[in-house]
Amino acid sequence: MKRHYRKKTFHVMLLLLLAFTTVLSACSGAGGTAGKPGEGGKVEIQLWSSATAENAKPIENAIAKFNESQDDIVVKTLSNQDHQKQLTAISGGSAPDIIVTQWNNIGPWSAAGAVQSLEEFIKRDGYDTSQIIPAALDRMKVNHEIFGLPISMSMANKLFYNKQAFEEAGLTAPPETLEELFAYAKKLTKKDAKGNITQMGFIPDYPWIDNVFWPIIFNGSWDDGSGKLTANQEANVKAIDYQMNYYREFGQESIDKFKSGMGGLETPQDPILTGKLSMIIGWENWYVEHRGEDKEVGVAPFPYPAANPELKGSGMVSPIAMFIPSKAKHQDEAWKVMQYLLGEDVQIEYSIEFGSIPVLTKALDNPKLTENQEVKELWDYYESAKNPNLKGFPNSIYINEYLQTLNEETEKALKGQITAQEAMDNVVNKMQPIADKK
Amino acid sequence: MERLEPRSGMRSRERKRLFIGLLFLSPWIFGFLVFQLYPIITSLYYSFTEYNLFTSPQWVGLDNYADMAQDGKMLSSLYNTAFMALFGFFPQLAYALGIALLLNQSVKGLSLYRTIYFLPTLVPAVAGSLLWIWLLNAQYGLVNQMLGAIGLPEPNWLMDENWTKPSLILMGFWGTGTITIMYLAALQEVPRMYYEAASIDGANKWHKFWHITLPAISPMTFFQLIMGLIGSFQYFSQGYVFAESSNQAIGGPGNSILFYAIYLFQNAFMFLKMGYASAMAWILFVIVLLLTLLIFKTSSRWVFYGGEK
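Residues numbered from 1 in each chain as written. Chains lettered and ligands numbered in written order. Predicted model: local features only at pLDDT ≥ 70, side-chain atom pairs only at ≥ 80, totals over all residues. Heavy atoms only, no water.

(A) Looking closely at the overall build of chain A. The helix and strand inventory of chain A stands at 18 helices and twelve strands. The buried share among the 438 residues of chain A stands at 54%. Taking the contacts inside chain A whose residues are at least 6 apart along the sequence as the reference set, 71% of them involve residues at least 24 apart. Roughly 19000 Å² of accessible area belongs to chain A as shown, and the carbon and sulfur atoms make up 52% of that amount. (Helix = DSSP H or I, 4+ residues; strand = E, 2+ residues; numbered from the N terminus. Buried < 20%, exposed > 50% of the residue type's maximum accessible area, 1.4 Å probe, protein only. Contact = heavy atoms within 4.5 Å. Areas by Shrake-Rupley, 256 points an atom, 1.4 Å probe, with all protein chains shown as cover.)

Structural data, given as structure tokens:
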């Protein structure tokens, strides 16, 4: 009787265990991809993107068109796959075939062996990478090797300003040089009787400390292309010091207090729209509704250092990347899809829908963009996207740590705790050993 | 309830019960083994390796632990965390007890007060943090308006690195409802007769509190202390939200709210240093373990259980 009972229990337990493992394997299967031959002998592959909701529409539409355009491959898109989910998928066994993600993921993930190098594909098919805007393509390279292709890009190379604030201060044209920008900022800053700032001309680290934009404006760099970090060279230090001028002029505490009272970007309390802040670094997808002739926000090229007029048109590029995980099962098909997404017409439609800049140089001159009233706020961006002074941060396995360290040290400098040179020396001292290790 | 027999091996009926019990527990046991024990043990192994999730872990011995001692950010994150435990949790515990004592008085509208003090606990950590970000806004926040009205200095709570931790602590007071309710329950368990006896002996209110109430609720304090300290060392969400929503890098101004758990997260998922993060997790475990042991060790001196001689 007793034995019988125990045996029964054992069976029940076994059954339970079995049930559990089935549930578990079903779980992992759901995330799996394993392109299986779909309807009519087509190969089914998976594309994951981190875009959510409305932002996912452009890629979904482009893929839908691809699926219609041919009979060999069916691409299934899955949006809202954030950084963590992508990381889990490509480090586990069930990687999708293409991932659309932030460009700075390419560095760490490729150095870890999770991203398929595209060099072979490019060589085999003679794919012409020179048609891609260099500043966008460069972000896809780790140690000079191409690991992904950009699908779209954003750029910061303009100065946005509140037209009314300029008018009230008697300023008729936007500043041209950084020195003028500073002078304008002084004119546009107001204080109340108690000495509190009530309106500011410009805050160099609003809405965030930008470790990439500012050094680019001063022609700085972060490595020499062969592993030596250069964040403490003169141009980079100047870029930090320039920002410190604003803190020296208006006072750390006053600026911080003023900043804390500003509303969020593009909310009804947006400081640029309310005129609390007169000028801001201009990304192509900010204030789109408010830019243009009869609108409240004016657009000008971002100022350059007066001593370096050759740096006119400098700016920062931040692309969205697509790559093939090295564990993907259908790499050839994935490569075809990537090439399709870089077709001129696809790029144009995508950039219109997404409100970004196409990454093909020739698309920048296409009348479907340059004569399209629907995107006229972007016309000057298309034009300036050809500028060779556009740059970005170098991709590497330690990129996120490098950016974080730059951020921490820059913050100390802006607060006046250390000098700009000390800050950048600290960065290099900390990061060079890490860079040497990889 | 049946009396337990002296233990002399299990009888078949008991064994049967054990199996049924285990059977009902099996989903949890299975989950624990697979989803908790296994990762815990693997993390110990990873802590001796350099591991980026993709390539196989490289054995580096004690390097991660040695690096930690040199890592300024790690040490400051430990400081920030200890700060929160010391200046955040302990005052909050005392505050919760104070409120519980007040809520234990018989006044009109008592249940309303009790509800009001408990209510903030129902707000999720992220939502509560976002709310407090507005209350603590340096220029327009209610807190500074009140301070200004009575002529006190108005700190820049969220951007001044000296004030970010106090901001979080202030917010913590608001969320002490659970501790308060538990203290209240403990207070109501204190037998009336002790107070009556003390009154006859001429004890005043303070004597009664110090010699009767505090010892009587000490098991609750003991429980809160352990849970609270563990919680303090795992402090994450509020700090993360504070930094994120004011467009600051993780860690806040000057890394002043870079807490241990946040730095661990940063190492693991932003820098992909899984080995280092695992080592950090184990150090955290050891710290919490030692603190808990310390509390347990001293507890015999200050925790009193009812009915004990």
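(B) How the structure looks around the domain arrangement of chain B. Each domain of chain B was delimited in the assignment, giving domain 1 (4–46) and domain 2 (72–302). Distance between the C-alpha centres of domain 1 of chain B and domain 2 of chain B: 34 Å. (Domains from an automatic or database assignment.)

(C) Quick peek at a nonpolar patch on the surface. Residue and element names in this part refer to chain B. A surface patch of nonpolar side chains, about 510 Å² in accessible area, is lined by Leu33, Val34, Phe35, Leu37, Ile40 and Ile41. For Leu37, the location among the structural elements is in helix 1 (residues 12–46). For Leu37, a relative accessible area of 31% puts it in the partly exposed group. (Patch = residues over 30% accessible without salt bridge, like charges linked within 9 Å, V, L, I, M, F, W, Y side chains within 5 Å. Salt bridge = Lys/Arg side-chain N within 4 Å of Asp/Glu carboxyl O.)

(D) Geometry of the interface of chain B and chain A. Taken together, the contacts link 39 residues of chain B with 39 residues of chain A. Approximately 3400 Å² of surface area, both sides summed, lies buried where chain B meets chain A, with 59% of it carried by carbon and sulfur atoms. Viewed at the interface, chain A and chain B are joined by four salt bridges. With a shortest N-O distance of 2.9 Å, Lys273(B) and Glu401(A) are connected by a salt bridge. For the pair chain B and chain A, the number of links is twelve residue pairs in polar contact (both at pLDDT 80 or more). Elements with a contribution of two residues or more to the side of chain B that touches chain A: helix 1 and helix 13 (260–270) of chain B. With eleven residues, the top contributor of residues to the side of chain B that touches chain A is helix 1 of chain B. (Buried area = accessible area lost by both parts, 1.4 Å probe. Polar contact = N/O pair within 3.5 Å; in protein donor to acceptor, adjacent residues only side chain to side chain.)

(E) Representation of helix 13 of chain B. All names here are of chain B. Of all the eleven residues making up helix 13, nine are buried; the element is thus mostly covered by neighbouring parts of the structure. Along helix 13, the residues classified as buried are Tyr260, Ala261, Ile262, Tyr263, Leu264, Phe265, Gln266, Asn267 and Ala268. Phi turns positive, to about 55 degrees, at Leu272, one or two residues after helix 13.

(F) Broad picture of the environment of Ile203(A). All names here are of chain A. Along the chain, Ile203 turns up in the loop between strand 8 (197–202) and helix 9 (213–217). Since its relative accessible area comes to 2%, Ile203 is described here as buried. Sequence spacing of Ile203 and Trp335 is 132 residues, and the spatial spacing of their C-alpha atoms is 43 Å. Every residue in contact with Ile203, bar those within four places of it in the chain, is listed here: Tyr247, Ile255, Phe258, Lys259, Met262 and Leu277.

(G) Local environment of unusual backbone geometry. Residue and element names in this part refer to chain A. Here the bond from Tyr206 into Pro207 is cis, since omega is 0 degrees, no more than 30 degrees from zero. In this structure, Pro207 sits in the loop between strand 8 and helix 9. For His144, which is not glycine, the phi torsion reads 70 degrees and is therefore positive. Mapped onto the elements of the fold, His144 is located in the loop between strand 4 (141–142) and strand 5 (145–146). Unlike most non-glycine residues, Asn219 shows phi in positive territory, near 65 degrees.

(H) Fine view of the packing of aromatic side chains. Residue and element names in this part refer to chain A. Counted under the stated rule, the structure contains 45 aromatic pairs over all chains. Seen from their ring centres, Phe182 and Tyr246 are 4.9 Å apart, and the 80 degrees between their planes marks the pair as edge-to-face. Of this pair, Phe182 sits in helix 8 (residues 178–188) while Tyr246 sits in helix 10 (residues 234–250), and the two are 64 residues apart along the sequence. For the pair shown, Phe182 and Tyr246 are each scored as buried. (Phe/Tyr/Trp six-rings, centres within 6.5 Å; stacked < 30°, edge-to-face > 60°.)

(I) Spotlight on the packing of helix 17 (residues 399–414) of chain A against helix 18 (residues 420–437) of chain A. Residues and elements named next belong to chain A. Contact geometry of helix 17 with helix 18 gives a least axis separation of 9 Å together with a crossing angle of 160 degrees. Relative to helix 18, helix 17 is oriented roughly antiparallel. Judged by the twist between their axes, the crossing of helix 17 over helix 18 is right-handed. Each of Glu401, Tyr402, Thr405, Leu406, Glu409, Thr410 and Ala413 in helix 17 lies in contact with helix 18, whose residues at this interface are Ala420, Ala423, Met424, Asn426, Val427, Lys430, Met431 and Ile434. Of the residues contributing to the contact of helix 17 with helix 18, the split by class is nine nonpolar, three polar and three charged. (Axes fitted to C-alpha atoms, helices over the stretch in contact; angles between N-to-C directions. Parallel < 35°, antiparallel > 145°, perpendicular 65-115°, else oblique. Left-handed = near helix turned anticlockwise from the far one by under 90°. Nonpolar A, V, L, I, M, F, W, Y, C, P; charged D, E, K, R; others polar.)

(J) Structural context of the environment of Gln188(B). Residues and elements named next belong to chain B. As for its position among the elements, Gln188 is in helix 8 (residues 177–189). By relative accessible area, which is 43% here, Gln188 ends up partly exposed. As a C-alpha pair, Gln188 and Lys205 span 17 residues in sequence and 17 Å in three-dimensional space. The contacts of Gln188, once residues within four sequence positions are left out, are Asn104 and Arg114.

(K) Here's a closer look at the confidence of the model for chain A. Residue and element names in this part refer to chain A. Residues with a pLDDT of 70 or more make up 91% of chain A, whose mean pLDDT is 88. Predicted confidence is poor over residues 1–5, with pLDDT under 50, and the contacts of this stretch with residues over four places away or in other chains come to five contacts. Below pLDDT 50 for its whole length, residues 20–35 participates in 16 contacts with residues either more than four positions away or in separate chains. (pLDDT = per-residue confidence, 0-100.)

(L) Examining the packing of helix 3 (residues 72–103) of chain B against helix 13 of chain B more closely. Their axes nearest at 8 Å, the elements helix 3 of chain B and helix 13 of chain B cross at an angle of 145 degrees. For the pair helix 3 of chain B and helix 13 of chain B, contact is made by Lys73(B), Met74(B), Ser77(B), Leu78(B) and Thr81(B) and by Tyr260(B), Tyr263(B) and Gln266(B), respectively.

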